[in-house]
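# Remarks on the overall topology
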Amino acid sequence: MGRIRLESLRKSYGQVEVLKDINLEIEEGELVVFVGPSGCGKSTLLRQISGLDRPTSGNIFINENDATNVSAADRGLAMVFQSYALYPHMTVRQNLAFGLQNAKMPKAEMDERISAAVEMLEIGPLLKRRPGQLSGGQRQRVAIGRAIVRDPTAFLLDEPLSNLDAELRVSMRAELSALHARLGATMIYVTHDQVEAMTLADRIVVLRAGKIEQVAPPITLFEKPVNKFVAGFIGAPNMNFLTLDDVQPVLGNVGVPAGATMTGIRPQHLSPAETGLDMTVTLVEALGTETVIHGVLGSGATILVTVPGHVKTSKGEHMTLNVDPAHLHFFDADELRVEAA
Amino acid sequence: MKAITFLTRRRGGDTWHWTDVVTFAWLGFGLIIMFGPAIWLVMSSFKSPAQLAEFPPTILPYVSETVEVPVKGTMKELPLYTVTTEGEAPRELAEVRRVGIIANMVDPADPETVIKVNINDRTPVRRVGLALENYAKPLRDFNFGLYLWNSVFVTGVATIITLITNSMAAFALSKYDFRGRNAVLLLIVATLMIPISVNIVPLYSVVSSLGLLNSLWGVILPTVATPTGVFLLRQYMLTIPDELLEAARMDKASEWQIYWRIILPLTAPALAVLAIFSVVWRWNDFLWPLIVLSRKELFTLQVGLNTFAGELNVQWHFILAMTVATMIPVVLVFVFLQRYITAGIAGTGLK
């Protein structure tokens, strides 16, 4: 069991409203990622769910029971902190056992749970060491282990990979994904890294300034962003936003939906062609597998293009770009998505 | 050898740079100012009462040379003197008795012949030696063991209570957010500005009405809440990340368990510093125990020492010797734990 429901949740610190009317349902066994720029309230939202912080108004339901005023200890959730927050004066084993001792669990069951978690995370040789003697990746595993032994209703992970180096982050990401598949537990994962969000999530919650912008599976988010913010936030490099006049040459006979004032084109969807947009190249970034070309249009608008493989071009040269009209996104004056007719 | 190379190291290498001269002079001056009185105390504690009254005083303790001489058929210990009379070589004579300014002296080799000598013509024969009876007599007659136990009890119990109460206060002041937290802290720290002499009369009436006069608890309880300790521990606890406490809360730990199993072990270095301070403070306390304790069997060492100072005469030799004895535990604390003290003071940014 691990259903979590948030109902018109609000949180203010004095005059500052950090969370504004959050409504969200998280299904059992789902891995939901909260993503957004810094200061968007994603960590605050996680803290409300964990019980470490109380919302100003609104309700939190865990398995359909109102948990709004239940203490953090009694919500049955486990949290993995960004800093890992391992107890520095205890050995790895004591770290794992601490929560179980507090729950007054019989020793036999405790040993069983610890050895199961230790085996799953392959941290057996570390049991007698203290956190100070572990590497970042090992600490991360222990922190996850401390959550697993508690057998929680849901896991809350607060930017768990942000303190690891890039290489380790990729492998831990894969492990977390495998772990989720194996445990089948509900997980809520907070990150500002959209790659983590895209690769791990069953559903992504995009937050901005304390409001949910869109909740959707990763691919839906990529293909049908509900507004300009989500469109710009998801996908790397960022989507190009151009006025209708700028893209006139490629619109062809595509019907511009009523109310649309702006189009969005992902850099990957632009390709060199005979006719189309005329761009002056300002910078070429060859990444090997793909080439990112920065340029300006005649109107002065900047544009990014990624082309697979290697492209021979250099600063000052002209390129003509075309786009499949199916990949055009339209936004109205309020920056909301407008579906093509 | 290493120590000597270290101590004689100079900035100028083989020659003397002017900063070397200033440094050595300044450090030497400091050494004398700080260490001189301690050396003098220890040396003086081995001097006899007569020598303590001498002027000019000497640094080293001396004892008079004596000799066994048969006087009227019985052997007697007599003090030896060097006698220098005009026209004769200096000789060593033993003094039998003194009458006014004339001393009756005998030659130890010829004890039958009494020689009369003017006291200005003789000087005592002395060698460097220790008057150990300064220590032996009070240790035997003075209730040293009892006073030592009282001191140990007061110091030990007061230190334990100090550590527990101060760390609880520091925990609340550093890790809980409540209205008026800073005001409370300010109030606690502000009490540092109130000297004990201002407090003593009200404190006495409180302790008296609680019936704690003439009880060691009356000495212990008023001293356990120290603003210095609360402040020192709070500053240290601020460096413990809040996420650890939150992790413990998620781990179903009660607030007491958080304090006892997370905060206290992590505050150990600061607790060690406070323990050292507290031991030194309580061991050296004099005024407050003197006020509270009036029954002799309850005296702490410091108050006990005071009994050597009578209304009419002060037994300096005993006071000095027992002062040295009572200093030993505190000196040992400093010798063995001084690196914690310096680390602690540096780490907490105190004083």
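Note that the structure is predicted; figures quoted are calculated from it, not measured.

In this section: the overall build of chain A. In terms of helices and strands, chain A carries 9 helices and 18 strands. Taking the principal axes of the C-alpha coordinates as reference, chain A spans close to 75 × 45 × 35 Å. Per-residue burial over chain A gives 50% buried out of 341 residues. Accessible area of chain A: about 15,100 Å², with a carbon and sulfur share of 50%. Mean positive and mean negative side-chain charge positions of chain A (32 and 39 charges, respectively) differ by 9 Å.

This paragraph deals with the domain arrangement of chain B. Segmentation of chain B into domains returns domain 1 (2–44), domain 2 (62–128) and domain 3 (135–348). If you average the C-alpha positions of domain 1 of chain B and of domain 2 of chain B, the two centres end up 44 Å apart.

Glancing now at the environment of D66 of chain A. All names here are of chain A. Its place among the elements puts D66 in strand β5 (residues 65–66). Those residues within four positions of D66 in sequence are excluded, and the remaining contacts are N59, I60 and F61. In this structure the side chain of D66 is engaged in a polar contact, spanning 2.9 Å, whose partner is the side chain of N59. Within polar-contact distance, the side chain of D66 engages the side chain of T68 at 2.4 Å.

Across the contact, 25 residues belong to chain A and 15 residues belong to chain B. Applying the counting rule to chain A against chain B returns 3 salt bridges. Measuring nitrogen to oxygen at the nearest pair gives 3.6 Å for the salt bridge that ties D74 of chain A to K252 of chain B. Across the side of chain A that touches chain B, the residue classes tally to 14 nonpolar, 7 polar and 4 charged.

Below, the discussion takes up unusual backbone geometry. Along the chain, A236 of chain A connects to P237 of chain A via a cis peptide bond; the corresponding omega equals -10°. Tracing the backbone through its elements, the reader meets P237 of chain A in the loop between α8 (228–233) and β11 (240–243). Here the bond from F55 of chain B into P56 of chain B is cis, since omega is 0°, no more than 30 degrees from zero. Relative to the assigned elements, P56 of chain B resides in the loop between α3 (49–52) and β1 (62–64). Backbone geometry places A85 of chain A, a non-glycine residue, at a positive phi of 50°. Mapping A85 of chain A onto the fold places it in the loop between β6 (77–80) and α2 (92–102). The backbone of E159 of chain A shows a phi angle near 40°, a positive value even though the residue is not glycine.

Time to look at the domain arrangement of chain A. All names here are of chain A. Under the domain assignment used here, chain A contains domain 1 (4–228) and domain 2 (237–338). Just the C-alpha atoms count here: the centres of domain 1 and domain 2 sit 38 Å apart. Taken together, the contact pairs 8 residues of domain 1 with 8 residues of domain 2. Contact with domain 2 buries surface across domain 1, with F222, P225 and K228 losing the most and accounting together for 67% of the total. Inspection of the region where domain 1 meets domain 2 yields 1 salt bridge.

As a further point, take the pairing of strand β2 (residues 66–71) of chain B. All names here are of chain B. The pairing of β2 with strand β3 (residues 74–83) spans 6 bridges and is classified as antiparallel. Across the sheet, T66 pairs through a bridge with P79, a residue of β3. The antiparallel pairing of β2 with β3 creates a hairpin that spans 2 residues between the two strands, and K72 there sits at a positive phi of about 45°.

Turning our eyes to something else, we now look at the confidence of the model for chain B. Should pLDDT be low for a region, the predicted coordinates there are not to be read in detail. A residue-level look at chain B finds 97% of positions with pLDDT of 70 or above and a mean pLDDT of 87. On the interface metric, ipTM, the complex scores 0.84, and its pTM is 0.80.

Residue and element names in this part refer to chain A. Where helix α4 (residues 136–149) meets helix α5 (residues 166–183), the axes come as close as 12 Å, and the angle between the chain directions of the two elements is 15°. By the angle between their directions, the pair α4 and α5 is classed as roughly parallel. Handedness of the crossing formed by α4 with α5: right-handed. Here G137, Q140, R141, I144 and I148 of α4 come into contact with α5, specifically with L168, M172, E175, L176, L179 and L183. Of the residues in the contact of α4 with α5, the class split is 7 nonpolar, 2 polar and 2 charged.

This part covers a nonpolar patch on the surface. On the surface, a nonpolar cluster with roughly 950 Å² of combined accessible area is contributed by W26, L27, F29, L31, I33, M34, F35 and I39 of chain B. Within the secondary structure, W26 of chain B is located in helix α2 (residues 18–44).

Let's shift gears to the UniProt feature "domain: ABC transporter" (unreviewed entry) in chain A. Per the UniProt entry, the sites bearing "domain: ABC transporter" (unreviewed entry) are residues 4–234 of chain A in this numbering. The span residues 4–234 of chain A is 37% helix and 26% strand, and its two end C-alpha atoms sit 25 Å from each other.

Basis of the calculations
Residues numbered from 1 in each chain as written. Chains lettered and ligands numbered in written order. Predicted model: local features only at pLDDT ≥ 70, side-chain atom pairs only at ≥ 80, totals over all residues. Heavy atoms only, no water. Helix = DSSP H or I, 4+ residues; strand = E, 2+ residues; numbered from the N terminus. Buried < 20%, exposed > 50% of the residue type's maximum accessible area, 1.4 Å probe, protein only. Areas by Shrake-Rupley, 256 points an atom, 1.4 Å probe, with all protein chains shown as cover. Lys, Arg positive; Asp, Glu negative; His and termini not counted. Charge placed at Lys NZ, Arg CZ, Asp CG, Glu CD. Domains from an automatic or database assignment. Contact = heavy atoms within 4.5 Å. Polar contact = N/O pair within 3.5 Å; in protein donor to acceptor, adjacent residues only side chain to side chain. Salt bridge = Lys/Arg side-chain N within 4 Å of Asp/Glu carboxyl O. Nonpolar A, V, L, I, M, F, W, Y, C, P; charged D, E, K, R; others polar. Buried area = accessible area lost by both parts, 1.4 Å probe. Pairing = 2+ DSSP bridges. pLDDT = per-residue confidence, 0-100. Axes fitted to C-alpha atoms, helices over the stretch in contact; angles between N-to-C directions. Parallel < 35°, antiparallel > 145°, perpendicular 65-115°, else oblique. Left-handed = near helix turned anticlockwise from the far one by under 90°. Patch = residues over 30% accessible without salt bridge, like charges linked within 9 Å, V, L, I, M, F, W, Y side chains within 5 Å. UniProt positions renumbered as here; feature names shortened; annotations may be inferred.

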